[in-house]
Amino acid sequence: MAETHVLFVEDDDVIREATQLALERDGFAVTAMPDGLSGLDAFRADRPDIALLDVMVPGLDGVSLCRRIRDESTVPVIMLSARADSIDVVLGLEAGADDYVTKPFDGAVLVARIRAVLRRFGHASGGQPGSGEPETQPVGGLLVFSDLEVDTEGMEVRRGGRQVALTPTEMRLLLEFSAAPGTVLSRDKLLERVWDYGWGGDTRVVDVHVQRLRTKIGQDRIETVRGFGYKLRP
């Protein structure tokens with residue numbers, strides 16, 4: 001099998017070179033670029049399996065680059081942010097990123113997060129791509145919730161008869177809700193099931209993805225249960 005291809009956009013030469021070497025040691029093929037415009041060109045030319053984007057890069061910042069990538073592809077995107085409490089984290093997630101890692105980061109943690117995202121997108125856990133289905137896919141064929149139809153076998157969603165385009169992370173999130181309509185799912189449980197976090201994670205990732213999902217399937221379809229989490233209205 002071919003190696004999983006990572007597009008890495010980072011303007012700091014030391015971080016870019018050290019991270020590229022670390023990822024290559026773990027079996028990934030890496031294209032490293034110093035700015036957003038060259039990163040976009042590389043994305044279009046190479047069509048990588050995953051994009052790793054620093055928020056603050058020249059030319060075209062990471063958030064804008066993420067938006068451009070998301071306009072063209074559902075490839076997984078991880079943002080790198082220098083501050084955990086930065087508004088850039090939320091902006092990156094709202095732009096379509098699937099996860100983020102705070103700088104400075106440990107190389108092993110970064111690799112673990114990349115592999116977790118790749119597993120969610122149907123890749124193997126190492127540097128080798130695979131073709132497996134998501135591990136938490138509920139069984140049942142077509143599920144109908146008023147005007148919302150979720151095809152759990154064809155992995156398609158329709159609202160009012162029209163197909164709804166979801167990213168793989170949004171699809172996995174909807175599958176979790178649709179597998180237990182009316183049941184409250186906590187943010188921690190969703191982090192564990194959808195983001196494959198075996199450790200504590202930032203619940204803002206869940207909140208932003210739920211909001212993005214609401215804009216696509218209906219604002220009132222997913223209900224917030226204060227102090228507990230979210231549930232899908234049957």
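Here, residues in each chain are numbered from 1, in the same order as that chain's written sequence. Totals for whole chains, interfaces and linings use every residue, but because this is a predicted model, local features are given only for residues with pLDDT of at least 70 and side-chain atom pairs only at 80 or more, for both listing and counting. Each side-chain value is worked out from all heavy atoms of the structure, with water and hydrogens disregarded.

A. Representation of the confidence of the model for the chain. Every residue gets a pLDDT, meaning the predictor's confidence in that residue, from 0 to 100. Counting all residues, the mean pLDDT for the chain is 87, and 88% of those residues have values of 70 or more. Counted against residues more than four places away or in other chains, residues 123–139, with its pLDDT under 50, gives 46 contacts. By the convention used here, residues are in contact when the closest approach between their heavy atoms is within 4.5 Å.

B. Representation of the nonpolar core within the structure. Ranked by size, the top nonpolar core spans 49 residues in total, and within it Leu53, Met79 and Phe177 carry the most contacts. Strands here mean DSSP runs of E at least two residues long; helices mean DSSP runs of H or I at least four residues long; both are numbered from the N terminus. For this core, the leading source of residues is helix H8 (residues 204–217), giving six residues. Excluding residues that lie within four positions of it along the chain, Phe177 makes contacts with Leu185, Leu190, Val210, Leu213, Ile222, Tyr230, Lys231 and Leu232. Core analysis: the second largest hydrophobic core is formed by 16 residues, Val101, Leu110, Val111 and Leu118 among them. What is meant by a nonpolar core is a set of buried Ala, Val, Leu, Ile, Met, Phe, Trp, Tyr and Cys residues, joined one to another through side-chain atoms within 4.5 Å. Burial here depends on accessible area, computed with a 1.4 Å probe over protein chains only, as a share of the maximum for the residue type. Under 20% is buried, over 50% is exposed, and the range in between is partly exposed.

C. Up close: the side chain of Asp151. Residue placement: Asp151 occurs in strand E7 (residues 148–151). Buried and unpaired, Asp151 has Arg158 as its nearest opposite-charge partner, separated by 4.8 Å. In protein, a polar contact means a hydrogen-donor-capable atom and an acceptor-capable atom, both N or O and within 3.5 Å, with residues adjacent in sequence counting only if both atoms are side-chain atoms; elsewhere, any N or O pair within 3.5 Å suffices. In terms of polar contacts, Asp151 uses its side chain to reach the backbone amide nitrogen of Glu153, at 3.1 Å. Excluding its chain neighbours within four sequence positions, the residues that come into contact with Asp151 are Gly141, Leu142, Glu156 and Met171. Positive residues here are Lys and Arg, negative ones are Asp and Glu, while His and the chain termini are left out of the count. Whenever Lys or Arg places a side-chain nitrogen within 4 Å of a carboxyl oxygen from Asp or Glu, that contact is recorded as a salt bridge.

D. Structural detail: the pattern of salt bridges. For the structure on display, the rule yields 19 salt bridges. A salt bridge links Arg158 to Glu149; the shortest N-O distance between them is 3.1 Å. Its relative accessible area of 25% is what places Glu149 among the partly exposed residues. Among the ionic pairs, Arg212 bridges to Glu170, the shortest N-O distance being 2.9 Å. Pair noted here: Arg212 is in helix H8 and Glu170 is in helix H6 (residues 168–179), with a separation of 42 residues, a long-range link. We note that Arg212, like Glu170, is buried. Salt bridges here are not isolated pairs; linked through shared partners, they connect Glu10, Asp54 and Lys103.

E. View of helix H5 (residues 107–120). Taking 1.5 Å of rise per residue, 14 residues should cover 20 Å, and H5 covers 20 Å from first to last C-alpha, within 8% of that figure. Looking only at H5, the buried set comprises Leu110, Val111, Arg113, Ile114, Ala116, Val117, Leu118 and Arg120. Among the structural elements, helix H1 (13–25), strand E3 (50–54), strand E4 (77–81), strand E5 (99–102), H6 and helix H7 (187–194) are those in contact with the buried residues of H5. Where H5 begins, the side chain of Asp106 points an oxygen toward the backbone nitrogen of Ala108, at a separation of 2.8 Å. Gly122 sits one or two positions beyond H5 and adopts a positive phi of about 90°. A helix is expected to reach a length of 1.5 Å times the quantity of its residues less one.

F. Spatial organisation of unusual backbone geometry. Here Lys103 and Pro104 are connected by a cis peptide whose omega angle stands at -5°. Looking at where Pro104 falls in the secondary structure, it is placed in the loop between E5 and H5. Here the phi dihedral of Arg47 falls at roughly 45°; this positive angle occurs in a residue that is not glycine. Looking at where Arg47 falls in the secondary structure, it is placed in the loop between helix H2 (36–46) and E3. Arg47 gets classed as partly exposed once you look at its relative accessible area, which sits at 43%. Unlike most non-glycine residues, Met155 shows phi in positive territory, near 55°.

G. Representation of the sheet that holds E7. Strand pairing is defined by DSSP finding a minimum of two bridges between the two strands. Here four strands make up an open sheet; going across it, the order is E6-E7-E8-E9 and the pairing antiparallel. Of all the strands in the sheet, the pair left with one neighbour each is strand E6 (142–145) and strand E9 (162–164). Neighbouring strand axes in the sheet, compared pairwise and without regard to direction, differ in orientation by 25° on average. Both strand E8 (residues 156–159) and E9 contribute to a ladder of three bridges, which runs antiparallel. Bridged to Arg158 within E9 is Gln163. Sitting on the sheet, H6 is in contact with E6, E7 and E8, with an inclination near 105° to E7. Lines fitted to C-alpha atoms define the axes here, with helix axes fitted over just the stretch in contact, and angles between the N-to-C directions of these axes take values from 0 to 180 degrees.

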